[in-house]
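Here's the letter readout for the chains.
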Amino acid sequence: MTIRTEGIGRSRSQGENIEDVSITLPSGEMTEILGPSGCGKKKVLHMIAGLEKPDTGVITFDGTVVFSASDGIDLAPKKRGAVVVYADAGLLTHKDVFDNVAAPLTDGLTRQERKTKVRAALETCHLAGMEDRYPKDLAPWQKQMAALARALVREPKCLLFDEPMTRLPRQVRLLVREITKKAGITSLFVTGDPETALSISDHVVVMDLGKVVQEGTPEEIFRHPKTRFAANITGLANWIDESSMVRPMDLKEEPSTGDTAFSADIAGVSYAGDGYELHLLMDGHDWFYRSAKRPEKDSITLYCSPEKVLRFE
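I will try to describe carefully the structure that is included in this document.

Procedures and definitions
- Residues numbered from 1 in each chain as written.
- Predicted model: local features only at pLDDT ≥ 70, side-chain atom pairs only at ≥ 80, totals over all residues.
- Heavy atoms only, no water.
- Core = buried A, V, L, I, M, F, W, Y, C linked by side-chain atoms within 4.5 Å.
- Buried < 20%, exposed > 50% of the residue type's maximum accessible area, 1.4 Å probe, protein only.
- Helix = DSSP H or I, 4+ residues; strand = E, 2+ residues; numbered from the N terminus.
- Contact = heavy atoms within 4.5 Å.
- Pairing = 2+ DSSP bridges.
- Polar contact = N/O pair within 3.5 Å; in protein donor to acceptor, adjacent residues only side chain to side chain.
- Phe/Tyr/Trp six-rings, centres within 6.5 Å; stacked < 30°, edge-to-face > 60°.
- Lys NZ or Arg CZ within 6 Å of the ring centre and 35° of its normal.

**As for the nonpolar core**
Ranked by size, the top nonpolar core spans 35 residues in total, and within it Val101, Met145, Leu148 and Leu159 carry the most contacts. When residues of this core are assigned to their parent elements, the largest contribution, seven residues, is made by helix H5 (residues 140-152). For Leu148, the contacting residues outside a window of four places in its chain are Cys125, Leu159, Phe161, Val176 and Ile179. Within the second largest apolar cluster, 26 residues are counted, among which are Ile3, Val44, Ala49 and Phe67.

Pasting the structure below:
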């Protein structure tokens, strides 16, 4: 299912301002809206789900209009085929895992059909054999996986993750990605954490102050940010001056022909297992760099090829 928003907006009088948000959630892919608190990312997710109503714009699911401000169309959440997975998991504490996962299933199913669907979902989410446990007996990541299993039994066309990803260990986040990709489910999640966003998404939308700043693949957003904001929010940015920066991983300690040299004072050193994290001061700017060896001096000279320096208007 391909989901598109076209010019959706919402006035500040109704909460966070949303201005002309036009984005595409490619079918079967995992899209992430990355932005700081208050940027409007959750509002956009809720509008797609049908939980909040935009003032303007159109939302389509596979070309079918589910919301249109001008035509007065506003399909109920259950009719859109999208399921929201919340950050707090939302499990009922007085029910075991089986009953929590089975909750969305209709009464039209036989008992055996319910068991088959629930157990298949639990196996998919690596919770097989935990049917009789209660939420209090589950680890935090297991609660989120139970919430995912509860969503999967509904056979959704789209999953909308309301920031549960940032609370999960990296290996579990990758498992969620594997599950949704294998099922061919279009997914959207929102986060303020670039590591989460870039590591598991196929498609990234950067938002700030209710507007879309940039949209593209994780590689495009990280390597070719269009604004200072996009550069800063997608990872460590070592600013050379107000209009140019370089990523820490593009710096090196041995020069090549044509490289630009940067001399910086070492403000701090911390051991990182496979090297040393250096906090540097370069012409009044905070820089970060990982070195394979502990520096012996109070300063360091780093080098970078000119094409790795990103410049902004």
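**With respect to the sheet that holds strand S5 (residues 64-68)**
With respect to topology, five strands assemble into an open sheet ordered S2-S1-S4-S5-S6, the strand pairing being antiparallel. Strand pairing shows two members of the sheet lacking a second neighbour, strand S2 (18-25) and strand S6 (73-74), which therefore form its edges. Pairing of strand S4 (residues 56-61) with S5 involves four bridges; the strand directions are antiparallel. Bridging from a neighbouring strand, Thr60 pairs with Val65 of S5.

**Digging into the side chain of Glu131**
Checked against the element boundaries, Glu131 lands in the loop between helix H4 (111-124) and H5. For Glu131, a relative accessible area of 17% translates into the label buried. A polar side-chain atom of Glu131 sits 3.2 Å from the main-chain amide nitrogen of Gly129.

**Quick word on the environment of Glu215**
Its location among the elements puts Glu215 in strand S11 (residues 211-216). Take Glu215: its relative accessible area is 31%, and that puts it in the partly exposed class. Apart from residues lying up to four places away in sequence, Glu215 is in contact with Ser22, Ile23, Thr24, His203, Val204, Val205 and Ile221. At 3.3 Å, the side chain of Glu215 forms a polar contact with the backbone nitrogen of Thr24. Within polar-contact distance, the side chain of Glu215 engages the side chain of His203 at 2.8 Å.

**Looking at the packing of aromatic side chains**
Per the counting criterion, the structure on display carries three aromatic pairs. Measuring from ring centre to ring centre gives 5.3 Å for Tyr271 and Tyr276, while their planes differ by 55°; the resulting arrangement is tilted. The exposure class assigned to Tyr271 is exposed, which follows from its relative accessible area of 57%. Sitting over the ring of Trp239, Arg228 keeps its end group 3.9 Å from the ring centre. Against the face of Phe222 rests Arg247, its NZ or CZ located 4.1 Å from the ring centre.

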